[in-house]
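A closer look at the structure
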Amino acid sequence: MRLVVDLNRCQGYAQCAFLAPEVFAMHGEEALLYHPQADEAHREKLAQAAAACPVQAILVDAVDAPAEAVSDER
Amino acid sequence: MSGDGSLEWLRREGRIVVVGASLAGLRAAETLREKGFAGSLTMIGDEPYEPYDRPPLSKQVLLGVATADGTALPRRRALDATWRLGVAATGLDMAAGRVRLADGDEVPYDRLLIATGVRARPWPRPEEAELDGVFVLRTRDDSTALARRLAEGPKRVFVIGAGFTGSEIASACRERGLAVTVAERAAAPLVGALGGVVGAVAAELQREHGVDLRCGVMVTALEGDAAGRVRAAHLSDGATIETDVVVVSLGATRNTEWLAGSGLGAGPRGIACDAGCRAFDIRGIVTDDIYVAGDVARSPHPLFGYQFLSLEHWGNAVSQAEIAAHNMLSESADRIPHMWVPAFWSSQFGVNIKSVGVPSMGTEIVVAQGSLTDRRFVGVYGYQGRVIGAVAFDHARWLPFYQELIETTAPFPPPFPMVDRRPDGQRPMDADFPDPSVPTHGPTVTLSGYSPADRRMTFTPAH
């Protein structure tokens, strides 16, 4: 699953690092370091982390497969 | 266009072409579909990859916690687009409404969005730039190649340019235990964007983390060995740095060359557009069918004296893309202006650096909270008696407050009794931005253009 965090919005509340430590970690006192591609096994935790973010900075894929992503049709 | 049904036709069966398949292009395309655009959508990108996120390329990827091929951007919705990836746009015929591609194809449009962004400014001497071990960092391929080389454990990494990207690269290298030398032409890191007062703090941070930081020097030559591998860098102060990896981090160049001769107002500073994201042609007349968003755009901002701002910021790309998409599908009375307050972040040497407003417009700075010596502070920038920008080192939660001061053109220095303020910051001081006539790789915000109240020349580095 692809994800991105809007780090302008992120205020380092660290709820995500608590709920999905496999995906999110604090780096220093308030910077967030995250895996841009989460393992399928962490889908549920990731959803919880995204929902719990006080500033709603976490965007998770709404489209499951990148099926349409790369094609070269004319 | 109003009332003649052409907009309804466009929404139902028009053709929208997006040139540039990165963050701005993707978010614009999603917004078009969200707003009910049911016509054909074509996404053109010169890289052969689906849209990916660039900030991790100088952070997570270099630290080894993510790979460069794993930074694809999440999708907000299905796009139902035709993707033309790995093929660059090479020309624009405004009269015929067609985009020419590198493979000879032409793609017709009813509305065009240009989001071609920027590319890394290469090392100026091609024969030195081509040495094995000399890198730039902008794309997924750049990041893959650099991360692979860092994983091999080079003896020393030499970073040219201590802007945000260069500093982040140095930080990641130190975290991996690699020896790093950074050469910066200015007096300190980050001075183009944040000025010398904050730059001095950034310099201390680097040195404390073991970076061999050389400021006030230029790199005069890169030297290769017989096998064509880089082996040393020569500096203007006579020093020679032995190194096996060189990262050239000299800012970015706008991808506008493909528009040369098209009649669009595009050049080295970007593509001029109005606050509604509509591109100007070279006559200064705004177009109705060509829109611009992201790093390549240059648009007037009411909060900053209607200066034309070029912002190489993640949040700007998202915001401007959404507004361009909205306006493409709207009658003129329903269009909205792009008035996003500039904001960016950087994470380096364990410190979270965030900024709002336009610090580089500031002439003075006051440390409103915390202290420079603790490396935890908010610096507030003043310009002509008003608050124009703010930067936080590990103090990010306060920034929305300062953003409001910027939005309301609050007086500078801020009159409120500041909490948590130490003696070293009580008086405004010169923010110490470098002389704009001295060449530099430049800040991530550039000011140009003209307004009735404030007409000025800005130096644009040649490239």
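Note that the coordinates shown come from a computational prediction; the quantities given were computed from them, not determined experimentally. (Residues numbered from 1 in each chain as written. Chains lettered and ligands numbered in written order. Predicted model: local features only at pLDDT ≥ 70, side-chain atom pairs only at ≥ 80, totals over all residues.)

So, unusual backbone geometry
Residues and elements named next belong to chain B. Each neighbour pair has its own omega, and for Phe412 with Pro413 the value is -5°, a cis peptide bond. Residue position: Pro413 is located in the loop between helix H9 (399–407) and strand E29 (429–430). With a phi angle near 50°, Gln384 is a residue other than glycine that sits in the positive phi range. Residue position: Gln384 is located in the loop between strand E27 (376–383) and strand E28 (386–393). Residue classification places Gln384 among the partly exposed residues on the basis of 13 C-beta atoms within 10 Å. (Helix = DSSP H or I, 4+ residues; strand = E, 2+ residues; numbered from the N terminus. Buried ≥ 20, exposed ≤ 12 C-beta atoms within 10 Å, placed from the backbone.)

Quick look at the interface of chain B and chain A
Each partner contributes to the interface: chain B provides 31 residues, whereas chain A provides 29 residues. Elements supplying a minimum of two residues to the side of chain B that touches chain A: strand E3 (82–85), strand E24 (343–348) and strand E25 (351–357) of chain B. If you tally residues by element for the side of chain B that touches chain A, the top one is E3(B), at four residues. Its residues assigned to classes, the side of chain B that touches chain A comprises 14 nonpolar, eight polar and nine charged. (Contact = placed C-beta atoms within 7 Å. Nonpolar A, V, L, I, M, F, W, Y, C, P; charged D, E, K, R; others polar.)

Focus on the domain arrangement of chain B
Residue and element names in this part refer to chain B. According to the domain assignment, chain B contains domain 1 (6–119 + 253–330), domain 2 (122–250) and domain 3 (343–432). Averaged C-alpha coordinates put domain 2 and domain 3 at centres separated by 28 Å. Every contact between the two is made by 15 residues of domain 2 and, on the other side, 15 residues of domain 3. Put simply, the parts of the chain that give the side of domain 2 that touches domain 3 at least two residues each are helix H6 (164–175) and helix H7 (191–208). In the side of domain 2 that touches domain 3, the residues fall into seven nonpolar, seven polar and one charged. (Domains from an automatic or database assignment.)

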